[in-house]
Amino acid sequence: MSAVSDPATASPAASLFRRNLATFAENRLAVASAAILLGFVVMAVFAPWIAPQDPNETDLFRRLQPPAWMPGGEWAYLLGCDALGRDIFSRIIYGARISIFIGTVVVAVATVIGILAGLAAGYLRGWVDTLISRLIDILLGFPYLIFAIGLMAMMGPGLVNIILALVYKEWVIPARVVRGETLAVRELEYVEAARALGASRFHIMIREIMPNVLSAVLVVATIRMADVIILEASLSFLGLGVQPPTASWGSMVADGRAFILEAWWVSTFPGLAILTLVLVINVASQGLRDAFDPRFHE
Amino acid sequence: MTVSEPLIRVESLVKHYGGRRSLMDRLAGRPAISIRALNGVSFTVARGETLGLIGESGCGKSTLGRAVLRLHEPTAGRVTFDGADVTALSPAELKAMRRDMQIIFQDPYASLNPRRTVAEIVGLPLKLHNLAKSGREARDKVAAIMERVGLKAAHLDRYPHQFSGGQRQRIGIARALISNPRFIVCDEPVSALDVSIQAQIIKLLIELKRELGLTYLFVSHDISVIGYLSDRVAVMYLGEIVEMGPVERVLQSPRHPYTQSLLSAVPDVDSPGLRKRVKLTGDLPSPQAPPPGCKFHTRCPLAVERCRTDVPVVRTVGEGHTAACHFAEELVQG
Amino acid sequence: MSGTMGNLLEVRGLRTVFDTRAGEVRAVDGVDLDVRPGECLGVVGESGSGKSVTFASVMGLVRSPGRIEEGTIRFEGRDLRALSPKELRRIRGRHIAMTMQDALTALNPALTIGEQILEVLYAHDETLPSVGRARTEAARKKAVEMLTLVGIPSADDRLRYYPHEFSGGMRQRIMIAIALACRPKLLIADEPTTALDVTIQAQVLELIADIRTRLGMSVVLITHDLGVVSEYCDRVMVLYAGQVVEEGPTAAVIGDPRHPYTKGLLRSIPRLSLRGQPIEPIEGQVPDLIGLPPQCRFYSRCNERIDACLQPIAMREIGAARRARCIRLEEETRP
């Protein structure tokens with residue numbers, strides 16, 4: 001009724017998605033972050049072509065060689081070398097593959113599981129909801145990192161195991177979001193309309209409700225990506241992640257611990273890489289949330 | 001029964017909400033709290049008739065509309081549609097029956113899925129009930145019904161947010177009509193609309209009814225709307241029908257004090273300040289703990305001791321006109 | 001426009017616009033209005049008519065992306081637009097009060113209603129003793145008085161209640177009590193009963209009418225319901241697409257509407273007495289307020305339009321007390 005809100009709703013045409021995208025494009029910081037993020041992805045995908053050196057080639061003559069701009073450095077080894085004389089710059093480029101791959105796969109698998117579990121719990125209610133909600137509560141009761149460490153200790157290290165260990169708990173987060181959104185959406189009249197038309201529960205969950213909870217869960221997924229990358233780095237740092245000699249930022253930081261005073265670059269540059277990647281993911285996903293989550297609109 | 005068996009027959013329909021306790025509640029020993037939304041409601045709707053259902057918020061009128069369609073499962077009682085017991089249908093039979101019984105919703109914003117195009121929204125019943133042999137045929141049917149409700153067929157691929165409130169309500173009407181139903185529950189279909197748009201939708205609903213031979217259960221809190229388009233009217237208070245009958249009789253010589261006060265509360269452009277106002281005091285009692293005796297006695301200006309203890313029986317006060325008040329026979333208003 | 005002397009509120013040429021991505025929305029476009037002491041003015045219009053924005057402008061409550069582009073707003077002769085925010089705040093609350101349509105969101109859910117009334121009294125009531133226990137006592141007494149006035153039983157007790165503990169009708173009463181706490185000279189009630197049931201609506205409207213006579217204040221009743229206007233208002237103003245289209249004494253306007261929009265609105269109201277007769281709605285919908293052509297705003301929906309309507313139309317006087325924005329007023333074009 002209030003005329004004050006009219007101008008906002010009166011604007012015609014342009015699909016919701018394009019309007020949201022335009023909002024996102026106006027956020028300069030978020031766009032810059034997205035661009036840097038894209039740079040990381042490109043770096044990971046084309047690592048063999050970009051990396052100046054073989055990341056696993058040891059050269060004891062270059063042990064702890066400083067970065068190029070310091071005395072004793074050389075430009076072919078831009079960020080210096082580690083204790084085994086491996087090129088840090090190249091290892092960072094290859095390490096991006098591990099971080100981004102694990103981050104993406106874990107979040108993707110967890111999101112799919114979470115959407116299905118959340119939809120089932122939120123729409124079907126009853127014992128399905130009780131079961132899923134209790135499981136969520138129990139999993140949330142464990143500290144994430146300790147939970148993952150425990151699982152890794154049981155399963156042993158390795159790429160597949162690290163993904164599994166993280167997914168075991170990660171699905172809970174999208175599941176909770178989807179369940180909450182579903183509880184709200186299921187009461188709306190268009191869901192009731194679909195029931196009145198004779199639609200099945202499966203149709204209602206997948207065709208009517210899911211598209212409307214998707215944007216919220218995708219925003220959550222991008223934010224979670226940053227956390228998963230940190231968790232992977234933490235596990236690798238503790239030696240429970242990807243096994244040597246494969247380059248991983250977490251294990252690279254760990255490698256440099258012993259020489260932090262005489263050769264600071266060994267730990268610092270992979271650490272900075274983690275920081276930058278996590279930061280740009282967070283800023284970009286904040287921008288996405290502001291643009292796509294309807295609750296942040298007027 | 002004679003030839004004019006009503007299309008809809010509702011017998012002693014009861015709907016209680018809640019009451020089911022979760023495991024935690026049971027462990028904690030919390031008692032079940034139930035809200036009695038419908039408390040033994042009976043009525044019929046004849047073929048081609050519009051029954052207006054009126055009452056204030058919380059009286060159970062929307063629940064009644066949904067319980068008749070089994071969108072909310074009734075706790076007890078029976079609904080028959082054209083002789084078939086709707087309350088006893090299996091899920092598959094119920095799905096088939098949904099072609100014949102439809103609903104139009106109040107909120108033109110919440111009732112359309114924002115992520116679906118109009119073609120998808122209106123065409124959904126065709127898909128669910130295999131009413132179109134091809135995608136082409138489905139699109140043609142959607143386009144035809146769109147034009148019939150006053151929308152441009154060219155707008156088929158637009159999303160709901162690209163339409164105004166009145167247009168969206170037309171989309172909702174098109175969706176309800178595309179499967180050729182015989183009976184439609186109109187749940188406050190014009191309450192959320194501006195006056196001039198409201199009139200457009202009322203006009204459309206009346207035309208469609210006449211053309212397609214529809215039967216309406218028209219739920220509204222607006223007495224003017226009900227008075228204008230209903231044949232008979234039922235007045236609800238706290239989950240019960242307190243008065244029912246032909247619309248002229250009920251609205252011009254109401255026999256239940258609640259109907260009288262409801263009517264006198266409506267401001268009228270034609271005769272401002274002329275009516276004697278029957279003032280109601282206080283608010284609707286909680287449906288969790290309805291008062292004993294006559295449920296209206298807490299607000300009734302005429303309540304006496306007897307009303308606090310005795311539940312009034314429904315009595316006939318005229319041709320097809322019933323009222324549930326101890327004094328219905330005496331309450332003739334000038 | 002009748003003499004400007006003695007008007008409590010006087011608005012001239014008010015233009016409020018909203019900057020949106022799609023362009024400039026002219027929500028209020030050249031509105032003139034007067035509120036006389038002690039009168040009840042009904043302001044009628046549909047969504048997008050600008051009725052709420054007009055009074056949000058009067059109250060200085062228009063926020064970005066909205067802004068008042070031009071116009072004067074005089075209250076008791078003082079230009080409100082020239083006042084500092086601090087001075088404006090003093091007038092708002094003390095002399096002009098406004099109630100909102102949705103009492104649940106307008107009241108602060110975290111404070112008791114007592115705290116909310118006292119807050120207003122402390123901020124604006126100069127008759128209270130300046131310090132100490134006496135001040136608290138006096139304010140409390142006044143709060144109880146106001147709640148009793150709006151018909152809240154055992155008001156003393158209820159001061160400790162939170163908004164959610166009341167029903168919709170009660171909350172609307174409480175909001176009125178807060179608005180009236182400082183005995184304002186003007187009460188602006190924005191759709192006070194739209195969210196309420198008819199029996200409760202009648203109670204609230206009777207209450208406003210009753211308090212108006214008792215306190216001798218002026219009331220602006222913003223509503224979309226012509227029935228409410230005909231029953232409770234002395235004068236009525238009809239808004240359409242940001243402009244006043246008709247204005248005059250209620251009985252005259254409703255009994256003999258002169259603008260085609262007012263006529264259409266009255267014909268659009270369904271009534272028992274009209275059963276069986278076809279309803280004649282105004283076809284079409286309110287125009288988009290962005291980039292309106294300089295012509296009669298009702299042109300596209302009007303059933304009396306002629307080519308001469310394709311120019312800017314000014315308000316025309318009909319006798320001493322009535323005005324309407326239609327070029328064909330002088331003709332007897334009653335259908």
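Residues numbered from 1 in each chain as written. Chains lettered and ligands numbered in written order. Predicted model: local features only at pLDDT ≥ 70, side-chain atom pairs only at ≥ 80, totals over all residues. Heavy atoms only, no water.

**Observations regarding the overall build of chain A**
Right, so step 1: If you tally the helices and strands in chain A, you get 13 helices and zero strands.
Right, so step 2: Helices and strands appear in chain A in the N-to-C order α-α-α-α-α-α-α-α-α-α-α-α-α.
Right, so step 3: The principal-axis extents of the C-alpha atoms in chain A amount to approximately 75 × 50 × 30 Å.
Right, so step 4: Scored against the burial criterion, the 298 residues of chain A give a buried share of 49%.
Right, so step 5: Considering only contacts within chain A whose residues lie at least 6 apart along the sequence, 71% involve residues at least 24 apart.
Right, so step 6: Put simply, chain A shows about 14000 Å² of open surface, and 69% of that area lies on carbon and sulfur atoms.
Right, so step 7: Counting 21 positive and 23 negative side-chain charges, chain A places the centres of these two groups 5 Å from one another. (Helix = DSSP H or I, 4+ residues; strand = E, 2+ residues; numbered from the N terminus. Buried < 20%, exposed > 50% of the residue type's maximum accessible area, 1.4 Å probe, protein only. Contact = heavy atoms within 4.5 Å. Areas by Shrake-Rupley, 256 points an atom, 1.4 Å probe, with all protein chains shown as cover. Lys, Arg positive; Asp, Glu negative; His and termini not counted. Charge placed at Lys NZ, Arg CZ, Asp CG, Glu CD.)

**Notes on the overall build of chain B**
Right, so step 1: Looking only at helices and strands, chain B has eleven helices and twelve strands in total.
Right, so step 2: In terms of C-alpha radius of gyration, chain B reaches 21 Å, essentially the compact-globule figure of 20 Å for 334 residues.
Right, so step 3: Principal axes of the C-alpha set define a box for chain B whose edges measure 70 × 60 × 45 Å.
Right, so step 4: For chain B, the residues scored as buried account for 55% of the 334 residues in total.
Right, so step 5: Within chain B, contacts between residues separated by at least 24 positions form 64% of all contacts whose residues are at least 6 apart in sequence.
Right, so step 6: Accessible area of chain B: about 13800 Å², with a carbon and sulfur share of 52%.
Right, so step 7: In chain B, 44 positive and 34 negative side-chain charges are present, and the distance between their average locations comes to 5 Å. (Rg over C-alpha atoms; globule rule 2.2 N^0.38 Å.)

**What about the sheet that holds strand β1 (residues 9-20) of chain C?**
Residues and elements named next belong to chain C.
Right, so step 1: Here we have four strands laid out as an open sheet, ordered β2-β1-β4-β5, and antiparallel in their pairing. Because the sheet does not close on itself, it has two edges, and the strands there are β2 (23-35) and β5 (78-79).
Right, so step 2: Relative to strand β4 (residues 66-75), β1 runs antiparallel, the two being bridged by eight bridges. Of the residues in β4, the one forming a bridge with Val 11 is Ile 73. (Pairing = 2+ DSSP bridges.)

**Some thoughts on the interface of chain B and chain C**
Right, so step 1: Chain B puts 41 residues into the contact, and the matching count from chain C is 39 residues.
Right, so step 2: Summed over both partners, the interface of chain B with chain C buries about 3400 Å², with 54% contributed by carbon and sulfur atoms.
Right, so step 3: Considering only the surface of chain B that becomes buried against chain C, Val 195, Tyr 228 and Val 269 of chain B emerge as the three largest contributors, covering 22% of it.
Right, so step 4: With a shortest N-O distance of 3.7 Å, Lys 203 of chain B and Glu 283 of chain C are connected by a salt bridge.
Right, so step 5: Linking chain B to chain C there are twelve residue pairs in polar contact (both at pLDDT 80 or more).
Right, so step 6: Those elements giving two or more residues to the side of chain B that touches chain C turn out to be α7 (195-212), α8 (223-229), α9 (247-252) and α10 (257-265) of chain B.
Right, so step 7: The leading source of residues in the side of chain B that touches chain C is α7 of chain B, at eight residues.
Right, so step 8: Here the side of chain B that touches chain C is built from residues that sort into 16 nonpolar, 14 polar and eleven charged. (Buried area = accessible area lost by both parts, 1.4 Å probe. Salt bridge = Lys/Arg side-chain N within 4 Å of Asp/Glu carboxyl O. Polar contact = N/O pair within 3.5 Å; in protein donor to acceptor, adjacent residues only side chain to side chain. Nonpolar A, V, L, I, M, F, W, Y, C, P; charged D, E, K, R; others polar.)

**Structural notes on the pairing of strand β8 (residues 215-220) of chain B**
All names here are of chain B.
Right, so step 1: The element β8 is largely enclosed, with a buried count of six among its six residues.
Right, so step 2: Across the two faces of β8 the burial is the same, with Thr 215, Leu 217 and Val 219 and Tyr 216, Phe 218 and Ser 220 all buried.
Right, so step 3: As defined by bridge partners, strand β3 (residues 50-54) adjoins β8 across five bridges and the pair is classed as parallel. Looking at the pairing, Gly 52 lines up with Phe 218 of β8.

**So, the packing of helix α5 (residues 88-124) of chain A against helix α13 (residues 265-292) of chain A**
Residues and elements named next belong to chain A.
Right, so step 1: It is at 11 Å that the axes of α5 and α13 come closest, and there the two elements cross at 40 degrees. Where α5 crosses over α13, the two elements pack in a sense that is right-handed. Across the interface between the two elements, Ile 88, Ile 92, Ser 99 and Ile 100 from α5 touch Trp 265, Val 266, Phe 269, Pro 270, Ala 273 and Leu 277 from α13. (Axes fitted to C-alpha atoms, helices over the stretch in contact; angles between N-to-C directions. Left-handed = near helix turned anticlockwise from the far one by under 90°.)

**Description of the environment of Glu 305 of chain B**
All names here are of chain B.
Right, so step 1: Tracing the backbone shows Glu 305 in helix α11 (residues 305-309).
Right, so step 2: By relative accessible area, Glu 305 is classed as exposed at 56%.
Right, so step 3: Sequence-wise, Glu 305 and Leu 151 are 154 residues apart; in three dimensions their C-alpha atoms are separated by 57 Å.

**Here's the deal with the environment of Glu 39 of chain C**
All names here are of chain C.
Right, so step 1: Structurally, the position occupied by Glu 39 is in the loop between β2 and β3 (40-44).
Right, so step 2: Relative accessible area serves as the criterion here: at 7%, Glu 39 is assigned to the buried category.
Right, so step 3: Between the C-alpha atom of Glu 39 and that of Asp 234, which follows or precedes it by 195 residues, the distance is 6.4 Å.
Right, so step 4: In this structure Glu 39 touches Asp 34, Arg 212, Met 217, Ser 218, Val 219, Asp 234 and Arg 235, once residues within four positions along its chain are discounted.
Right, so step 5: Among the polar contacts made by the side chain of Glu 39, one reaches the main-chain amide nitrogen of Arg 36 at a distance of 3.0 Å.

**Focus: helix α10 (residues 189-196) of chain A**
Residue and element names in this part refer to chain A.
Right, so step 1: In terms of burial, α10 is a largely internal element, seven of the eight residues being buried.
Right, so step 2: Of all the residues in α10, the buried ones are Glu 189, Tyr 190, Val 191, Glu 192, Ala 193, Ala 194 and Ala 196.
Right, so step 3: Residue Gly 198 follows α10 closely and has a positive phi angle near 95 degrees.

**Quick look at unusual backbone geometry**
Right, so step 1: A cis amide bond, omega 10 degrees, links Ser 64 of chain C with the succeeding residue Pro 65 of chain C.
Right, so step 2: With phi around 60 degrees, Arg 70 of chain B is a residue other than glycine that occupies positive phi space.
Right, so step 3: Counting through the fold element by element, Arg 70 of chain B comes out in the loop between α2 (61-68) and β4 (76-81).
Right, so step 4: On the accessibility criterion, Arg 70 of chain B (12% relative accessible area) is buried.
Right, so step 5: Residue Glu 191 of chain C is not a glycine yet carries a positive backbone phi of 45 degrees.
Right, so step 6: As for its placement among the helices and strands, Glu 191 of chain C is situated in the loop between β7 (186-190) and α8 (198-215).
Right, so step 7: For Glu 191 of chain C, a relative accessible area of 1% gives the class buried.

**What to know about a nonpolar patch on the surface**
All names here are of chain A.
Right, so step 1: A surface patch of nonpolar side chains, about 690 Å² in accessible area, is lined by Leu 38, Val 41, Val 42, Val 45, Phe 46, Trp 49 and Ile 50.
Right, so step 2: Elements supplying a minimum of two residues to the nonpolar patch: α3 (28-45) and α4 (47-50).
Right, so step 3: Looking at the nonpolar patch, the element that brings in the most residues is α3, giving four residues.
Right, so step 4: Take Trp 49: it is sitting in helix α4.
Right, so step 5: Given a relative accessible area of 69%, Trp 49 falls into the exposed group. (Patch = residues over 30% accessible without salt bridge, like charges linked within 9 Å, V, L, I, M, F, W, Y side chains within 5 Å.)

**So, the confidence of the model for chain A**
Residues and elements named next belong to chain A.
Right, so step 1: Summary statistics for chain A give a mean pLDDT of 85 and a share of 93% for residues scoring 70 or more.
Right, so step 2: Mean pLDDT values for the elements of chain A range from 36 in helix α1 (residues 6-10) up to 93 in α5.
Right, so step 3: With pLDDT under 50 throughout, residues 1-13 is counted as low confidence; its partners more than four residues away or in other chains account for 27 contacts. (pLDDT = per-residue confidence, 0-100.)

**Quick look at the nonpolar core**
Right, so step 1: In terms of nonpolar packing, the biggest core is built from 101 residues, with Leu 9, Leu 33, Phe 55, Leu 121, Leu 147, Leu 186 and Ile 188 of chain C touching the most fellow members.
Right, so step 2: The greatest single-element share of this core, amounting to seven residues, is contributed by helix α7 (residues 168-180) of chain C.
Right, so step 3: When residues are assigned to domains, this core turns out to be shared by domain 1 (1-95 + 186-272 + 279-335) and domain 2 (107-183) of chain C, each giving three or more.
Right, so step 4: Counting residues in each nonpolar core, the second largest holds 63 residues, with Leu 112, Leu 156, Val 233 and Val 242 of chain B among its members. (Core = buried A, V, L, I, M, F, W, Y, C linked by side-chain atoms within 4.5 Å. Domains from an automatic or database assignment.)

**Digging into helix α6 (residues 126-141) of chain A**
Residue and element names in this part refer to chain A.
Right, so step 1: Over its 16 residues, α6 extends 23 Å from the first C-alpha to the last, a length consistent with the 22 Å expected when each residue adds 1.5 Å.
Right, so step 2: Of all the positions in α6, only Val 128, Asp 129, Ile 132, Ser 133, Ile 136 and Leu 139 are classed as buried. Projected down its long axis, α6 carries its buried residues within an arc of 125 degrees, all on one side. In this structure, α6 carries Trp 127, Leu 131, Ile 138 and Gly 141 as exposed residues pointing more than 90 degrees from its buried face.
Right, so step 3: The inward-facing, buried residues of α6 contact α5, α7 (144-155), α8 (159-170) and α9 (172-186). (Expected span 1.5 Å × (residues − 1). Arc of directions from axis to C-beta.)

**Describing the packing of aromatic side chains**
Residue and element names in this part refer to chain A.
Right, so step 1: The full count for this structure, using the stated rule, is 13 aromatic pairs over all chains.
Right, so step 2: Between Phe 40 and Trp 249, the aromatic rings sit 6.0 Å apart at their centres with planes inclined by 65 degrees, giving edge-to-face as the arrangement. Of the two residues, Phe 40 is situated in helix α3 and Trp 249 in helix α12 (residues 249-256); the sequence distance between them amounts to 209 residues.
Right, so step 3: On the basis of relative accessible area, Phe 40 is assigned to the buried category, the value being 11%.
Right, so step 4: Overall, the relative accessible area of 0% leaves Trp 249 in the buried class. (Phe/Tyr/Trp six-rings, centres within 6.5 Å; stacked < 30°, edge-to-face > 60°.)

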